[in-house]
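Spelled out, the chains give:
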Amino acid sequence: MITPQARPLLPLVLPAVGVGVLSSLVLLVVSAVAERLFRLVWNTLPAALGVAGGSPWWTIGVLTAAGALAGLVLWKVPSGPDPATESLVGPPLPVRVLPGVTLGAVVTLAGGISLGPENPITAINVALAFALGPRLVPGVPGAAFSGFAAAGTIGALFGTPVAAALILSESAAGPAGRPLWDRLFGPLIAAGAGATTTVAVANPSLAIPLPAYTAPTPMDAAGAAVVATVACALGLVVVTLFPAAYKLFRLVPHPVARLAAAGLLLGVLGAIGGRITLFKGLDQMKELVAGHHTAAGLLLILVVKLVAVLVAASAAFVGGRIFPVVFAGVALGLLVHALLPAVPAAVAVSSAVLGLVLAVTQQGWLSLFTAAVVVTDPALIPVLCLAVLPAWLLVSGRPAMVVQESPPPPAKGGSSRPDGGTGDEGGRP
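Treat the numbers as computed from the prediction; the structure is a model and nothing was measured.

1. Focus: the overall build of the protein
Right, on to step 1. Looking only at helices and strands, the protein has 15 helices and 0 strands in total.
Right, on to step 2. Within the protein, the fraction of its 429 residues that count as buried is 52%.
Right, on to step 3. Accessible area of the protein: about 18400 Å², with a carbon and sulfur share of 72%.

2. Quick look at the environment of Gly 355
Right, on to step 1. By the secondary structure assignment, Gly 355 is in helix H13 (residues 345–361).
Right, on to step 2. Residue classification places Gly 355 among the buried residues on the basis of a relative accessible area of 0%.
Right, on to step 3. Taking the C-alpha atoms as reference points, Gly 355 and Ala 391, separated by 36 residues in sequence, lie 6.4 Å from one another.
Right, on to step 4. When near neighbours in sequence (up to four residues on either side) are disregarded, Gly 355 contacts Ala 228, Ala 231 and Cys 232.

3. A few points about the pattern of salt bridges
Right, on to step 1. Throughout the structure, instances matching the rule amount to 2 salt bridges.
Right, on to step 2. One salt bridge in this structure joins Arg 250 and Asp 82, with 2.6 Å as the shortest N-O distance. On the criterion of sequence distance, the pair formed by Arg 250 in the loop between helix H8 (218–249) and helix H9 (255–273) and Asp 82 in the loop between helix H2 (56–76) and helix H3 (98–111) is long-range, its members being 168 residues apart.
Right, on to step 3. Taking the relative accessible area as the measure of exposure, Arg 250 reaches 23% and is therefore partly exposed.

4. Some words on the packing of aromatic side chains
Right, on to step 1. Enumeration over the complete set of coordinates arrives at 5 aromatic pairs.
Right, on to step 2. Look at Phe 145 and Phe 148: their rings are 5.9 Å apart centre to centre, the planes differ by 70 degrees, and that puts the pair in the edge-to-face class. Here Phe 145 pairs with Phe 148, and both are found in helix H5 (residues 142–158), just 3 residues apart, close to one helical turn. Both residues of the pair, Phe 145 and Phe 148, belong to the buried class.
Right, on to step 3. On the basis of an interplanar angle of 75 degrees and a centroid distance of 5.7 Å, the ring pair of Phe 158 and Phe 323 is categorised as edge-to-face. Taken together, the residues span a long stretch of sequence, with Phe 158 in helix H5 and Phe 323 in helix H12 (residues 322–339) at a distance of 165 residues.

5. Section: H12
Right, on to step 1. When the terminal C-alpha atoms of H12 are compared, their 26 Å separation across 18 residues agrees well with the 26 Å that a helix rising 1.5 Å per residue should span.
Right, on to step 2. In terms of residue burial, H12 counts as a mostly covered element, since 15 of its 18 residues are buried.

6. Some details on the side chain of Glu 118
Right, on to step 1. Its place among the elements puts Glu 118 in helix H4 (residues 118–136).
Right, on to step 2. Buried and without a salt bridge, Glu 118 has Arg 321 as its closest oppositely charged side chain, separated by 7.1 Å.
Right, on to step 3. At a separation of 2.7 Å, a polar atom in the side chain of Glu 118 contacts the main-chain amide nitrogen of Ile 322.
Right, on to step 4. Apart from the residues within four sequence positions on either side, Glu 118 is in contact with Leu 88, Leu 157, Gly 320, Arg 321, Ile 322 and Phe 323.

7. Quick word on the confidence of the model for the protein
Right, on to step 1. When pLDDT is averaged along the protein, the result is 84, and 89% of the positions lie at 70 or above.
Right, on to step 2. Note on residues 407–429: pLDDT is under 50 here. Beyond four places in sequence and across chains, it has 33 contacts.

8. Topic: the nonpolar core
Right, on to step 1. Phe 158, Leu 266, Leu 288, Phe 317 and Val 330 are the most contacted members of the largest nonpolar core, which has 108 residues in total.
Right, on to step 2. The greatest single-element share of this core, amounting to 13 residues, is contributed by H13.
Right, on to step 3. Setting aside its immediate chain neighbours within four residues, Phe 317 contacts Ala 66, Gly 67, Ala 70, Pro 83, Thr 108, Ile 113, Leu 115, Leu 259, Ala 262, Gly 263, Leu 266 and Ala 312.
Right, on to step 4. Of all hydrophobic cores here, the second largest spans 13 residues; its members include Leu 12, Val 126, Phe 148 and Ala 150.

Conventions and cut-offs
Residues numbered from 1 in each chain as written. Predicted model: local features only at pLDDT ≥ 70, side-chain atom pairs only at ≥ 80, totals over all residues. Heavy atoms only, no water. Helix = DSSP H or I, 4+ residues; strand = E, 2+ residues; numbered from the N terminus. Buried < 20%, exposed > 50% of the residue type's maximum accessible area, 1.4 Å probe, protein only. Areas by Shrake-Rupley, 256 points an atom, 1.4 Å probe, with all protein chains shown as cover. Contact = heavy atoms within 4.5 Å. Salt bridge = Lys/Arg side-chain N within 4 Å of Asp/Glu carboxyl O. Phe/Tyr/Trp six-rings, centres within 6.5 Å; stacked < 30°, edge-to-face > 60°. Expected span 1.5 Å × (residues − 1). Lys, Arg positive; Asp, Glu negative; His and termini not counted. Polar contact = N/O pair within 3.5 Å; in protein donor to acceptor, adjacent residues only side chain to side chain. pLDDT = per-residue confidence, 0-100. Core = buried A, V, L, I, M, F, W, Y, C linked by side-chain atoms within 4.5 Å.

So this is what it looks like as structure tokens:
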């Protein structure tokens with residue numbers, strides 16, 4: 001019943017399911033810890049002290065303290081490579097740096113830093129799967145376990161395995177000459193297991209409530225293409241400024257001083273833009289849609305959020321850029337609709353999310369998928385498929401929002417890596 005070509009895929013099923021479930025559990029546990037700390041810092045403590053949790057001074061104080069704490073973790077706890085130089089899915093980290101990565105992610109999520117959990121959670125799961133998987137299942141190579149963990153984490157983050165399949169289809173991972181579905185077989189199982197676990201436990205949703213979109217029209221397609229291109233150009237401004245901001249923050253060499261200063265700046269931005277501009281942005285974008293904001297208010301929120309993402313990412317806070325950029329895309333789409341009511345809100349928001357995510361990630365499938373799940377209307381899919389084309393022409397060949405840092409020369413008798421590693425732990429170059 002099973003062909004010789006399909007037979008090697010069978011041993012991947014159970015390891016992929018196990019890695020997918022564990023990847024989701026790691027995400028849920030870290031998120032739960034961060035959520036408890038968030039409630040303590042932003043709700044319980046200010047209420048006990050008789051201070052409004054959303055007051056400007058509390059915001060500035062908490063963000064500054066979060067920056068100092070993140071810097072202390074970076075200084076005293078091995079945390080791996082600089083987060084600004086890491087993409088969503090990278091080579092496995094050594095296991096010994098995972099406590100530092102985890103602590104940094106919790107500080108980011110609970111402290112109100114404008115970054116998401118996607119990068120650190122993916123790094124943690126990939127490292128654990130690469131280190132432990134081949135020992136438990138010797139017949140499956142470590143690279144396969146890394147792929148399972150990346151896919152399982154992406155599936156858990158988005159609540160569906162489709163996102164993982166689309167992201168992995170853009171990579172060159174997997175044996176050369178193998179059919180695409182053979183290469184995606186194990187990762188897709190892991191993604192499905194991760195997504196199912198997350199949905200069963202937490203039931204997350206990226207969708208935001210917008211007026212229903214009826215049917216695509218040529219005018220809507222043209223408007224979507226313009227909005228997506230403008231959003232992409234705006235995102236490219238942030239991407240272009242990223243290396244310069246990175247170098248600017250490195251003028252302060254000590255991590256505690258650097259991240260405390262960045263936290264202070266983020267606190268000032270949060271005081272200006274309001275509490276809605278803090279955190280990773282998934283819950284806040286639903287608040288944004290439910291609120292009644294003027295065009296000027298939406299413009300302020302958009303600018304503050306993009307500057308906050310630029311500051312947080314370039315200063316080396318542990319976190320990902322995708323989710324906060326999605327929030328910025330929602331703000332931009334609502335702004336377009338407020339200025340040009342003829343452009344339907346669903347078209348404007350989904351196209352803006354598409355353009356900004358595309359500029360930051362350089363991944364067309366991921367950008368399309370994210371736009372489609374934020375505004376869940378099947379009638380938008382043809383419009384988005386057309387809108388992505390001019391935006392892709394604008395972004396093609398440009399760098400993503402990752403600093404390409406050249407490795408320092410090896411130190412005599414010691415490590416050349418900032419985390420103290422030698423480069424041979426866990427197979428990471």
